[in-house]
Amino acid sequence: MQTEAIKEVKTLLFAELAHIAQTSAKLIRKITPEHWNYRPRDNMRSLQELVHHLVSIPAVDLLILQERAEQDIHKLEATIAAADHDQEKLINWMESGMQDLKHYMAELSDDDFLHKQTKPFYLDHGSAQAKWLIEIVTHTQHHRAQLFQYLKEQGYEVNMFDLY
C-alpha cells in the first residue's frame, strides 16, 4: 500500500513529464525535412539524433530501472531510430515509454520507490527508483531545451510559450 504523500510525489513528477512530452511533441511537429541533418557543431548530435534520444528517454530508462542488459537497450534505441523522420511515430515512442514507466512506478511499494537501488550497465553504483524518476524528468527537460535551441538557431518561430 502506498502512502498518499508518495502517490502525490509520483503524480507531480509524472504531470511534469507529461508536460515535457506534450511540449516536445509540439516542437518535433515543427521540424521540416530539410533540417533533420542540422548539427550545430561537429561534436554535437544532429537534430535527428537529438529527437531520437529525447523520445527514447522514458523507455530506455525503464529498461535501466529494470536492470536489463546493455544489448536490450541498444536494440530499443535502434528500433526507435528506425522511425527516422516520422514525427508521429517518434512522438508515440515517447508517449508509450512514459505510460510503461508510469505503470512500473505505480506498482512499486513505497519502500522500493524510496530505497530500491538500480545499477545501470554504464556505472559502478546504483540509485534509488525515486531519484531515477527525478533524473528522467530533468534529462527530458534538458534535451527538450536543446531541441528548442536547435529550432531557434534554424529560424523556427519558437518562444517560451512553446515550453509552458
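Here's what I pulled together on the structure shown here. All figures in this text were calculated on a predicted structure; none of them were measured in a lab.

## Points about the side chain of Ser 56
Then comes step 1: Among the secondary structure elements, Ser 56 is positioned in helix α2 (residues 47-65).
Then comes step 2: Within the structure, the side chain of Ser 56 is placed 2.8 Å from the backbone oxygen of His 53, a separation counted as a polar contact.

## Focus: the packing of helix α1 (residues 4-30) against helix α4 (residues 87-107)
Then comes step 1: Running from N to C, α1 and α4 cross one another at 175°; their axes reach a closest spacing of 10 Å. In terms of their interaxial angle, α1 and α4 are classed as roughly antiparallel. Taking contact as the criterion, the partners of Lys 10, Phe 14, Leu 17, Ala 18, Ala 21, Ser 24, Ala 25, Ile 28, Arg 29 and Lys 30 in α1 are, on α4, Gln 87, Glu 88, Ile 91, Met 94, Met 98, Leu 101, Lys 102, Met 105 and Ala 106.
Then comes step 2: Considered class by class, the residues forming the contact of α1 with α4 number 12 nonpolar, two polar and five charged.

## Comments concerning the side chain of Asp 162
Then comes step 1: Relative to the helices and strands, Asp 162 is located in the segment after α6 (129-153).
Then comes step 2: Asp 162 sits in the buried class, given a relative accessible area of 9%.
Then comes step 3: Within the structure, Asp 162 has its side chain in polar contact with the backbone nitrogen of Asn 159 (distance 2.8 Å).

## Focus on the pattern of salt bridges
Then comes step 1: In total, this model carries five salt bridges according to the counting rule given.
Then comes step 2: Its salt-bridge partner being Arg 29, residue Glu 88 comes within 2.8 Å of it at the nearest N-O pair. With Glu 88 in helix α4 and Arg 29 in helix α1, this residue pair connects regions lying 59 residues apart in the sequence.
Then comes step 3: Lys 30 is paired through a salt bridge with Asp 162; the nearest N and O atoms lie 3.5 Å apart. Taken together, the residues Lys 30 in helix α1 and Asp 162 in the segment after α6 connect sequence positions 132 residues apart.

## Focus: the nonpolar core
Then comes step 1: Ile 31, Val 51, Leu 101, Met 105, Leu 147 and Leu 151 are the most contacted members of the largest nonpolar core, which totals 49 residues.
Then comes step 2: Among the elements of the structure, α1, α2, α3 (70-81), α4 and α6 are those that each provide at least two residues to this core.
Then comes step 3: When residues of this core are assigned to their parent elements, the largest contribution, 12 residues, is made by α2.

The rules behind the values
Residues numbered from 1 in each chain as written. Predicted model: local features only at pLDDT ≥ 70, side-chain atom pairs only at ≥ 80, totals over all residues. Heavy atoms only, no water. Helix = DSSP H or I, 4+ residues; strand = E, 2+ residues; numbered from the N terminus. Polar contact = N/O pair within 3.5 Å; in protein donor to acceptor, adjacent residues only side chain to side chain. Axes fitted to C-alpha atoms, helices over the stretch in contact; angles between N-to-C directions. Parallel < 35°, antiparallel > 145°, perpendicular 65-115°, else oblique. Contact = heavy atoms within 4.5 Å. Nonpolar A, V, L, I, M, F, W, Y, C, P; charged D, E, K, R; others polar. Buried < 20%, exposed > 50% of the residue type's maximum accessible area, 1.4 Å probe, protein only. Salt bridge = Lys/Arg side-chain N within 4 Å of Asp/Glu carboxyl O. Core = buried A, V, L, I, M, F, W, Y, C linked by side-chain atoms within 4.5 Å.

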